[in-house]
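The primary structure of each chain is shown beneath.
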Amino acid sequence: MLVVLRTLAVIAGAATVIAAAWTTAAIDRDLFPGKLPGGVSAPILALELGSSEKDVTRVLGAPDEPQRSARQAAIVGSLARDRLFIVAYTAWLVLLGALLVTHGVVRDEPRWRLAGLGAAAVLLAAVAAVCDVNENRQLATLVAAARPDPSLKAWTLWKFGAFYGALGLGSFSFFLEPGRVGVQRWLRRVAGLTGIIAGVVGIAGAVLGWPGGIEGGILFAAVAILSGTVFFATIHWLRDGLLAALDRLGERPVLCWLANWPSDE
Amino acid sequence: MSIATPPRSAPGSSTTPSRLDPDAVARYWAYLYLMRVPLLVWLVMTLAPPLAVPEKAPLGPMLRGLFDLAPDASAPRPALVLALGCGLVALFAWMAAAALAVCARLILLGGEDRFGAGPVINSPGIKLSVRLVPMLAVASLLGGVFWQTRSAIDHVPGGGAVMASGFAVGTALFVLVAMGAAWLEGELPRRLAVRMAGGVSRGFGGALTRALLRVARGIVWLASLPGRLSPKGYLDSTGTLLDRHVFALSLFLVFLLLYVVLFVGKGWYGLLSEQPVVPTLCLALALLIVLTWLLSAVTFFLDRFRVPVLVAIAAYGWAVSVFAGADSFFLSKPAVLGEEILPRHLLAQAESVPARADRPPRLVLAAATGGGIQAAAWTARVLAGLADENPVLADGKALSFGQALKLVSAVSGGSVGAMFILDCYRDGRLVLNADGPDACRPVENAERSSLDQVAWGIAYPDLVFGLLPMLRVSERSLTTDRGSALEHAWRRTASLRSAKLADWRDDVRNRRRPGVIFNATLVESGKRLLISTVALGDPPPPMRDDAAGGRMQFHELYPGRDIDVATAARLSATFPIVSPASRILKKTAAESEFHVVDGGYNDNYGVASLAEWLDHALAGTASLPDVLLVEIRSFPVGREPEPTDDRGWLFQAGHPIMTLVNVRGAGQLSHNELDVRLLQRWRSNVRRVTFTFTPPPRGEAPLSWHLTPEQKQALAAAWNAAGLAPCKAAVRSFLAGDPVETARC
């Protein structure tokens, strides 16, 4: 069961990273010069957290600005790409929660608190996905009408609160993985710690309505998802450490030749 | 890469403890430190392409040109040039990777013996790592070259396949080179020994064998000298140099051979031809390889004694600075200079529009900003464009631009563009794009890359003479460096190859060429140095001391000396790092002299010298000519930065430097504006037009002497943009004798 969940987590993690990179790279930051409201650097986040018409104008520009339609198109395009991201990160968070549940529900010595944490993570992941879908729908309306919707910010804060909550809880699953050596040990620590930090900082941002916390949490979350994915993906290959893995590689036919050419020995 | 830590955590052992082992962690850090030279070079090689090639990459303006191997559309046999370039880049990239691998391996395998850093088992994993990790750098470099070049090789049929073939051939060449090094290390000494033992001791063959053996023994003896001082890690128990060091030595010797071949190749086919056949990237890689070998050797020796390599470098730098040849020089010759050309003399050359003889005479003065090759290209494009649009008219209804232009005050890159324009004067007429031997194409010349020559200067004369300045004794060697290589690149026309400042001065006197001020800066005083064909003369009495206090004129500082026009432009365009701060070479290198650097340090607009000249010219003149001041700016100015969120003690520590840098821009601009405005208020007959290059939204200013095809297109498009029309119309009106208002475009 654990092996299956880890394998699925690798796929979901990789999809999350690719979707996030695609969404980030596809939006032309030059279209949005100047400072965004709330001091954030992502235009979509600025719209999500914007509370006044002035905020919306600062992001999209005045109605007579030539770049306005290009900015609107960029936001709409980004929302379309966001669908893949929502599916991917929800799957990742659900799988982290499922791993926690599986670690907790062991036959001889069940640890129900762990299982409870895992279930909570799964639930929060679902809440985050629902909020995100709703938020995107309202955001599309806002971009078309250029008027802020008071409920948009609430959906956004709920989304981030649930997302960071699920990530923070789910990240405990990394510490429950069996003892590893070398690089694996470091990957596990980095993934677990950055996931928990992202959870704390992000929840603080969502609860306090602090844009810096929400955006800062994204950086930690990115590191957590990336290192966690690599951790799961290399569990088998790096089981005895990096050097042992390289030794095995170095004994394969072609690589063995490469490892000994040219030789002075 | 893992470091074995026996006996507790032998690699591959399943009993490795899961808790943190401080000793193991310390060993990792120790080896990371010991391998800092190959690791840093590896980082440079691996990260340079992603940081330079993609659009908006942070190092793009400085390094992107290195990865552009696209031959000019006009180059003969472009496919061959491209394939050759790719092959050479691949070969040098592999050579660099091999240097990294060999140096890292020497440190890993000798770490315990020489530094006590803990043993490393030479397992298949370690062997594979020292080969695979450097290969990443090769992949990154070749990928960067492919990415940057592919979009600019539409004129080469099957360009992608040509590049791939080039890379493959370069890789195959490297395999041969590596085999050669292995043969030098293992097979050659064995065969020589066998031949000697077999009694081949007579005749030519025997003599050759003995000579080869002696040379090989001599080289190995030299290489093992450090080992004799401190044998650990160099010599085995019998006192013989370890095989791995002999292999490293063999590879280094093969590289030295390639280094010399590259020198000859660049000399014959690169520097002397318009199209560099050997890519500039090869020179950069050659430099990295030299640094890898050299610094790795020094750290390998000194780290045992815990002597930081930076201390050794600083000590060596200080020690060799006692040699006079450790400085950079520019060549000057004694000359008999005629009477100074004062402002009033040039003013007298102003002409009236023939059809409007009742109006005062009119003259055009130009100020060109600094900004590297972009400024050079924009200056040449604006001046050539204005000359093209305002030619000599037979009906006498307007002056031609070339005829009305009387003085150019230029800074840095602007000086280079101005030089190419003024070079096109033939008997007082600006002759552009003529065919035949007199052909003058200033825009093409200003846009042409000079990166290759700078890289050659750094990789050869600067490197060799920087390490061994005592070898610099002749006038030629003293004045050969990356600065002189840049001058060489700019002598692109027959006339510039021999043009002296004194000749151009005579031309000004005889109305054959406008005057020029190449603005530079003196390091020791911070004053402007005006390297010019005209003189300012004494300032008006009330402000004599103050006005003259901020600048010096070349002919006052160095009376009776003359320099090449290309040298004057180069001194004005001494872009930091790209060109060295130089001092004049008169009789001997030991004389104390000021160092000359870029004019942009003091005034990047060229207006300060022009305003001073104009002030001298107009003071006390009864009949005032109409003056049009053409400002050529190679970048948009005056954009207000936004407030930032910077805070904390790090910001407090760094803000003085940030402020100094920002004040240089803002301060110079405000002085420039104020000077011109005061001049206009004082003299109502001074008009001003400003031609500013506005890059496209995604454009970036190059910080090396290389323009990509997109950047050249952006410059051409900017000149034809509708936004410049009011300024072009103002110049046209002025030359036709009509009233003109100040215009900014």
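The rules behind the values
- Residues numbered from 1 in each chain as written.
- Chains lettered and ligands numbered in written order.
- Predicted model: local features only at pLDDT ≥ 70, side-chain atom pairs only at ≥ 80, totals over all residues.
- Helix = DSSP H or I, 4+ residues; strand = E, 2+ residues; numbered from the N terminus.
- Buried ≥ 20, exposed ≤ 12 C-beta atoms within 10 Å, placed from the backbone.
- Contact = placed C-beta atoms within 7 Å.
- Rg over C-alpha atoms; globule rule 2.2 N^0.38 Å.
- Pairing = 2+ DSSP bridges.
- Nonpolar A, V, L, I, M, F, W, Y, C, P; charged D, E, K, R; others polar.
- Core = buried A, V, L, I, M, F, W, Y, C linked by C-beta atoms within 7 Å.
- Axes fitted to C-alpha atoms, helices over the stretch in contact; angles between N-to-C directions.
- Parallel < 35°, antiparallel > 145°, perpendicular 65-115°, else oblique.
- Left-handed = near helix turned anticlockwise from the far one by under 90°.
- Arc of directions from axis to C-beta.
- pLDDT = per-residue confidence, 0-100.
- Expected span 1.5 Å × (residues − 1).

## Some points on the overall build of chain A
Each helix and strand counted, chain A has 11 helices and zero strands in total. Element order for chain A, N to C, with α for helix and β for strand: α-α-α-α-α-α-α-α-α-α-α. Considering only C-alpha atoms, chain A reaches an extent of 75 × 55 × 25 Å along its principal axes. When burial is assessed residue by residue, chain A has 48% of its 265 residues classed as buried. Summarising the internal contacts of chain A: among those between residues at least 6 apart in sequence, 70% fall at separations of at least 24.

## Description of the overall build of chain B
If you tally the helices and strands in chain B, you get 28 helices and 15 strands. Radius of gyration (C-alpha) of chain B: 30 Å, near the 27 Å computed for a compact globule of 745 residues. Judged by the C-alpha coordinates and their principal axes, chain B covers about 100 × 70 × 55 Å. Looking at chain B residue by residue over its 745 residues, the buried ones come to 46%.

## Let's talk about the environment of B:Ala314
Residue and element names in this part refer to chain B. Take Ala314: it is sitting in helix H11 (residues 309-320). Of the residues examined, Ala314 has 11 C-beta atoms within 10 Å and is grouped as exposed. Expressed as a C-alpha distance, the spacing of Ala314 and Gly118, which sit 196 residues apart in the sequence, is 30 Å.

## A few points about the pairing of strand E14 (residues 686-692) of chain B
Residue and element names in this part refer to chain B. Counting buried positions over the seven residues of E14 gives six, a clear majority of the element. Across two bridges, the pairing between E14 and strand E15 (residues 743-744) is parallel. Across the sheet, the residue bridging to Thr690 is Arg744, located in E15.

## Comments concerning the interface of chain B and chain A
Taken together, the contact between chain B and chain A spans 26 residues of the former and 25 residues of the latter. In the side of chain B that touches chain A, the residues fall into nine nonpolar, nine polar and eight charged.

## What to know about the nonpolar core
Among the nonpolar cores identified, the biggest contains 194 residues, and B:Ala93 and B:Ala96 are the most heavily contacted of them. Looking at this core, the element that brings in the most residues is helix H4 (residues 78-115) of chain B, giving 26 residues. With residues near it in sequence (within four places) discarded, B:Ala96 still touches B:Met45, B:Leu285, B:Leu288 and B:Ile289. Membership of the second largest hydrophobic core comes to 72 residues, among which are A:Ala46, A:Ala121, A:Val122 and A:Ile203.

## Let's talk about the packing of helix H8 (residues 182-208) of chain A against helix H9 (residues 211-233) of chain A
All names here are of chain A. Running from N to C, H8 and H9 point in directions that differ by 155°, and their axes come no closer than 7 Å. In terms of orientation, H8 lies roughly antiparallel with respect to H9. As for the relative orientation of H8 and H9, their crossing is left-handed in sense. Classifying every residue of the contact of H8 with H9 gives 17 nonpolar, 11 polar and one charged.

## Topic: the packing of helix H4 (residues 68-104) of chain A against helix H6 (residues 150-170) of chain A
Residues and elements named next belong to chain A. Running from N to C, H4 and H6 cross one another at 35°; their axes reach a closest spacing of 9 Å. Helix-helix and strand crossings are classified by hand; for H4 and H6 the assignment is left-handed. Facing H4, whose interface residues are Leu93, Leu96, Gly97 and Leu100, H6 presents Ala166, Leu167 and Gly170. Each residue belonging to the contact of H4 with H6 can be placed in one class, and the counts come to five nonpolar, two polar and no charged.

## Some points on the pairing of strand E11 (residues 582-585) of chain B
Residues and elements named next belong to chain B. Strand direction decides the pairing type here: strand E1 (residues 329-331) and E11, joined by three bridges, are parallel. Each bridged residue has a counterpart across the sheet, and for Phe330 the counterpart in E11 is Ile584. Where E11 meets strand E12 (residues 595-598), two bridges bridge the pair, whose relative direction is antiparallel. Bridging across to E12, Arg583 finds its partner in His595.

## Let's talk about helix H27 (residues 709-719) of chain B
All names here are of chain B. Every buried residue of H27 is accounted for by Gln711, Ala714, Leu715 and Ala718. When H27 is viewed along its axis, its buried side chains cluster within an angular range of 100° and face the same direction. Looking at the buried residues of H27, the elements they touch are helix H13 (372-389).

## Some points on the confidence of the model for chain A
Across chain A, the average pLDDT comes to 90, with 98% of residues at or above 70. Least confident of the elements in chain A is helix H3 (residues 53-60) of chain A, whose mean pLDDT is 86; most confident is H9(A), at 95.

## Comments concerning the environment of B:Trp183
Residues and elements named next belong to chain B. Tracing the chain through its elements places Trp183 in helix H6 (residues 159-197). The class of Trp183 is partly exposed, set by 14 C-beta atoms lying within 10 Å. For the pair Trp183 and Arg356, spaced 173 residues apart in the sequence, the C-alpha separation amounts to 84 Å.

## Things to note about H4(B)
All names here are of chain B. With 38 residues, H4 extends 52 Å from end C-alpha to end C-alpha; this agrees with the ideal 56 Å at 1.5 Å per step. Most of H4 sits out of view: 33 of its 38 residues are buried. Taken from the residues just after H4, Gly116 is the one with a positive phi, measuring 65°.

## Some thoughts on the environment of B:Leu501
Residues and elements named next belong to chain B. Inspection of the secondary structure assignment puts Leu501 in helix H21 (residues 501-509). Since 23 C-beta atoms lie within 10 Å of it, Leu501 is described here as buried. A C-alpha to C-alpha distance of 46 Å links Leu501 and Gly170, two positions 331 residues apart in sequence.

## Some details on the confidence of the model for chain B
Residue and element names in this part refer to chain B. When pLDDT is averaged along chain B, the result is 88; 93% of the residues meet or exceed 70. With pLDDT under 50 throughout, residues 4-18 is counted as low confidence; its partners more than four residues away or in other chains account for 34 contacts. The ipTM value of the predicted complex is 0.81, and its pTM value is 0.84.

## Considering unusual backbone geometry
Each neighbour pair has its own omega, and for A:Trp261 with A:Pro262 the value is -15°, a cis peptide bond. Here A:Pro262 is to be found in the segment after helix H11 (253-259). Of note, the phi angle at B:Lys56 is positive, near 65°, even though the residue is not glycine. Backbone geometry at B:Ile577 places phi at a positive 75°, although glycine is not the residue there. Structurally, the position occupied by B:Ile577 is in the loop between helix H24 (565-572) and E11.

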